[in-house]
Amino acid sequence: MQQLIDDMKAIPGVIGACTYRSQEGIIDNNLPTLFRGERLHDTARHLAKIHAAGRLNFPDLTEVLLNYEESVVVFRQINSDDFLVTICDPGINMNLLGMSLNLAIENLPATADSTPAPVSPAEEKPAARPSPDLDKLLKSGPMAQPLQTMQKLLTKVIGPMAKIVFDDALARWVGTSENRKGSLSKLLEIVCQEIGDEEKSREFRELVREKMAARRKSDA
Amino acid sequence: MTRLEVFTNRIELIGGVESFVLVRRSGEVVTHNLRNPGELAAMVTICGIGANAVMQSIGFSHFRHLTINRVDRRSFLVFFLDRYFLGVQQVAGADDGRLARDVYDFLQDLLSQNRKEA
């Protein structure tokens, strides 16, 4: 993967690149220090979410390009687990970049699951959907009620994509906590990170706190 | 003719636009010319919010557009329009660079007109 990002950086107009694996974060990186650390990890996470949403509608999706005033960000799947993030000057020759990306990815050493090609809807990994365990957690047991309440409050704040955002947050929370009522504040923090909008995060936090306070009062 | 009708007429006149959907940041559909806008509207909202989050996390100043490239060369583009996101389906074979510029310029015109009228 290091060779891949070094090849990318050699293309005129490419500022740098990194590889991202959803479970592990940034793997290799040759971007300038400005793009490093937690910010780059957050960026890749948001890009992966955009990519997953795009894939649900367009199974033949090849890449996502984000055009900003200062740079173009290209996000492309390398194999079933890995993604390549390339940051370029806005004036880059897109044909040259596209061809170079194709060649660089084709030349990667073959692995068992090196299938960057689009998948059909039937084969698609249900990455944005909760696993059966998460479903169970949401529907029965001691955590079901507070989790459902949080999901409803999230829908009030961000609308129809609340389910996708909440499922992602829930999957992260299950992976990092003991799924106890006491660790709900951790889930709240993860959901706020997933929302990615300060004002909406604040609104969601307030709604959850109000609801929790009301529940504590009625329990007392 | 309402503003929304003017918007619809003008966006449909841009060369390379096959269909479009305009959504609020909450995901609510404002106007469209699709048969079933629901799923695309949700995707446009997630893309718009994600593009904004990337802009904030890296520190870029201004988002122009997002392009989803596909094997069949029918790209799908997402733009910001004030409190809305606009998703545009490209006609197969159209020049996506030109389409992006034309839609972006149209939206900038709209925004500057609104500012003048405010």
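Cut-offs applied
- Residues numbered from 1 in each chain as written.
- Chains lettered and ligands numbered in written order.
- Predicted model: local features only at pLDDT ≥ 70, side-chain atom pairs only at ≥ 80, totals over all residues.
- Axes fitted to C-alpha atoms, helices over the stretch in contact; angles between N-to-C directions.
- Helix = DSSP H or I, 4+ residues; strand = E, 2+ residues; numbered from the N terminus.
- Parallel < 35°, antiparallel > 145°, perpendicular 65-115°, else oblique.
- Left-handed = near helix turned anticlockwise from the far one by under 90°.
- Contact = placed C-beta atoms within 7 Å.
- Nonpolar A, V, L, I, M, F, W, Y, C, P; charged D, E, K, R; others polar.
- Pairing = 2+ DSSP bridges.

K.L.:
Which parts of the structure should I look at to understand the packing of helix 2 (residues 38-57) of chain A against helix 2 (residues 38-58) of chain B?
P.N.:
Viewed as axis vectors pointing N to C, helix 2 of chain A and helix 2 of chain B meet at an angle of 165 degrees, and their least axial separation amounts to 9 Å. Comparing the axis directions of helix 2 of chain A and helix 2 of chain B gives the class roughly antiparallel. By crossing handedness, the relation of helix 2 of chain A to helix 2 of chain B is classed as left-handed. Judged by residue contacts, R39, D42, T43, H46, L47, K49, I50, A53, G54, L56 and N57 of chain A of helix 2 of chain A engage E39, L40, M43, I46, C47, G50, A53, V54, S57 and I58 of chain B from helix 2 of chain B. When grouped by side-chain class, the residues that make up the contact of helix 2 of chain A with helix 2 of chain B number 11 nonpolar, six polar and four charged.

K.L.:
Help me understand the sheet that holds strand 4 (residues 76-81) of chain B, please; the structure alone is not making it clear to me.
P.N.:
Read from one edge to the other, the open sheet built from 10 strands follows the order 2(A)-1(A)-5(A)-4(A)-3(A)-3(B)-4(B)-5(B)-1(B)-2(B), with strand pairing classed as antiparallel. Single-partner strands in this sheet number two, and they are strand 2 (25-29) of chain A together with strand 2 (29-32) of chain B. Averaged over all adjacent pairs, the angle separating strand axes in this sheet is 20 degrees, with direction ignored. Strand direction decides the pairing type here: strand 3 (residues 61-68) of chain A and strand 4 (residues 72-77) of chain A, joined by five bridges, are antiparallel. Among the inter-strand pairings, V64 of chain A is bridged to a residue of strand 4 of chain A, identified as F75 of chain A. Packing against the sheet, helix 2 of chain A makes contact with strand 1 (14-21), strand 2, strand 3, strand 4 and strand 5 (82-88) of chain A together with strand 3 (63-70) of chain B, and its axis sits at approximately 130 degrees to strand 3 of chain A.

K.L.:
Just checking my understanding: could you explain the interface of chain B and chain A for this structure?
P.N.:
Reports often express the size of an interface as the amount of accessible area lost when the parts come together. The interface is formed by 32 residues belonging to chain B together with 34 residues belonging to chain A. Of all the secondary structure elements, the ones that give two or more residues to the side of chain B that touches chain A are helix 2 and strand 3 of chain B. The element contributing the most residues to the side of chain B that touches chain A is helix 2 of chain B, with 15 residues. Across the side of chain B that touches chain A, the residue classes tally to 17 nonpolar, 10 polar and five charged. Sheet topology places strand 3 of chain A next to strand 3 of chain B; seven bridges connect them, and they run antiparallel. By the bridge assignment, L65 of chain A is partnered in strand 3 of chain B with T67 of chain B.

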